[in-house]
Amino acid sequence: MYKPSRRFLVLGTALLAPLLVLPGCATTGSGGDLTEGLRRLLGTSSQRALARLVTDNGYFNDPVARISLPAGLNDRSTAVLGALLRSAPVQRELTIVVNRAAGNAADRAAPLIYDSIRSLTFSDAAAIVNGGPTAATSYLERRIGDRIIGAMFPEFGDALHQFGSGSILGPVLGAATGIDIPAIQRAVTDHASQGLWRAIGREEAAIRAEPARAGDPLVEKILSERVLN
């Protein structure tokens, strides 16, 4: 069973409530219906993706979002230390660490995503409704841009610098003064943000393929009828 964090549950409910409690059929005309329907589509897709990813092993267990260690991890380390970093136990633990941090980073990014959805205006809503399986997600990604990196970045710095005393990584990375931790932090943050967008896109595509899965009459209506230009 997925157990989203307390912050995720509170923010998700509070920030998406204005989208989800509206009547199934808006009264603002076809343009308003489209815009509101797309906001709800993105709200539902984001909420479902985040519900999976913010768990402790959400990223690690998700083939769409899972983070692999960046190449060149030991470029500046000694030969012995490099061998340690390439060893299976260390690689696995570090992979788990960064994927767990990614779940917390996604939790940090949730307010940005929800606020952005609420304030979205669509320059061509009809084209997005009629677009590909992840057209709305791609639009949201473009609108948020690098702000998603800024929201997620700090979590990985904390994870990479603060290992528990029982971790096999503490002594290894503690001795690895030549390892570029900020570069690793930037790389895994980028991977985590891309994984988050892929997870949201997956949820959007599933709803587009079967609009009733949205559980929202307006979303089902606009996706089932589509819009003729």
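Thresholds applied
Residue positions are given per chain, counted from 1 along the sequence in the order it is written. Where totals are concerned, whole chains, interfaces and linings use all residues; where local detail is concerned, this predicted model gives features only for residues with pLDDT of at least 70, and gives and counts side-chain atom pairs only at 80 or more. To get the side-chain values, all heavy atoms of the structure are used, and hydrogens and water are removed first. Only DSSP runs of H or I covering at least 4 residues are called helices, and only runs of E covering at least 2 are called strands; the numbering of each starts at the N terminus. Three exposure classes are used, based on accessible area relative to the maximum for each residue type with a 1.4 Å probe and protein chains only: buried under 20%, partly exposed in between, and exposed over 50%. Residues count as neighbours in contact if any of their non-hydrogen atoms are within 4.5 Å of one another. To measure how exposed things are, a 1.4 Å probe is used in the Shrake-Rupley method; for residues, cover is taken only from the protein chains shown. In protein, a polar contact means a hydrogen-donor-capable atom and an acceptor-capable atom, both N or O and within 3.5 Å, with residues adjacent in sequence counting only if both atoms are side-chain atoms; elsewhere, any N or O pair within 3.5 Å suffices. The aromatic pairing rule takes the rings of Phe, Tyr and Trp, using the six-membered ring of Trp, and pairs them if the centres are within 6.5 Å, calling planes under 30 degrees apart stacked, those over 60 edge-to-face and the rest tilted. Distance and angle both matter: a charge sits over a ring if NZ of Lys or CZ of Arg is within 6 Å of the ring centre and within 35 degrees of the ring normal. What is meant by a nonpolar core is a set of buried Ala, Val, Leu, Ile, Met, Phe, Trp, Tyr and Cys residues, joined one to another through side-chain atoms within 4.5 Å. A residue's pLDDT is the confidence the predictor assigns to it, expressed on a 0 to 100 scale.

### Examining the overall build of the chain
- For the chain, the helix and strand inventory stands at ten helices and zero strands.
- Here the chain, with 229 residues, has 49% of them falling under the buried criterion.
- For the chain, the share of sequence-separated contacts (at least 6 apart) that also reach a separation of at least 24 residues comes to 82%.
- Looking at the chain as shown, the accessible area adds up to about 11,000 Å², and 54% of this sits on carbon and sulfur atoms.

### A short note on the environment of Arg198
- Within the secondary structure, Arg198 sits in helix α9 (residues 181–209).
- Sequence-wise, Arg198 and Ala49 are 149 residues apart; in three dimensions their C-alpha atoms are separated by 9.0 Å.
- Leave out the neighbours within four places in its chain, and Arg198 touches Val64, Ala65 and His191.

### Describing the side chain of Arg208
- Looking at the element boundaries, Arg208 is found in helix α9.
- Residue class for Arg208 comes out buried when judged on its relative accessible area of 8%.
- A polar contact is formed between the side chain of Arg208 and the backbone oxygen of Gly132, at a distance of 3.4 Å.
- Within the structure, the side chain of Arg208 is placed 2.7 Å from the side chain of Glu204, a separation counted as a polar contact.
- Apart from residues lying up to four places away in sequence, Arg208 is in contact with Leu41, Ile128, Val129, Gly131, Gly132, Pro133, Ala135, Ala136, Leu223 and Arg226.

### Looking at helix α6 (residues 135–144)
- Those residues of α6 that sit buried are Ala135, Ala136, Thr137, Tyr139, Leu140 and Ile144.
- Backbone geometry just after α6 places Gly145 at a positive phi near 60°.

### So, the packing of aromatic side chains
- For the structure on display, the rule yields one aromatic pair.
- One cation-aromatic arrangement involves Arg66 over Phe60; the distance from NZ or CZ to the ring centre is 3.8 Å.

### Details of the environment of Gln185
- You can see Gln185 is positioned in helix α9.
- We classify Gln185 as buried; its relative accessible area is 9%.
- Placed 29 residues apart in sequence, Gln185 and Phe156 show a C-alpha to C-alpha distance of 5.7 Å.
- The residues touching Gln185, leaving out its near neighbours within four places in the chain, are Phe153, Pro154, Phe156, Gly157 and Leu160.

### A look at the nonpolar core
- Counting residues in each nonpolar core, the largest one holds 55 residues, and the members touching the most others are Tyr59, Ile148 and Leu196.
- No other element matches the 13 residues that helix α4 (residues 88–119) contributes to this core.
- Filtering out sequence-adjacent residues up to four positions away, Ile148 remains in contact with Ala109, Leu112, Ile113, Ser193, Leu196 and Trp197.

### Section: the environment of Asp216
- With respect to the helices and strands, Asp216 occurs in the loop between α9 and α10 (217–225).
- Counting along the chain gives 176 residues from Asp216 to Arg40, while the straight-line C-alpha distance between them is 8.1 Å.
- Engagement of the side chain of Asp216 in a polar contact is seen with the side chain of Arg40, the distance being 3.0 Å.

### Digging into the confidence of the model for the chain
- Looking at the chain, pLDDT values average 79 and 69% of them are 70 or higher.
- Between the elements of the chain, mean pLDDT differs from a low of 49, seen in helix α1 (residues 6–20), to a high of 96, seen in α6.
- pLDDT under 50 marks residues 9–15. Its contacts with residues more than four places away, or in other chains, come to eleven contacts.
- A low-confidence stretch, residues 21–29 stays under pLDDT 50, and its non-local contacts, those more than four residues away or across chains, total ten contacts.

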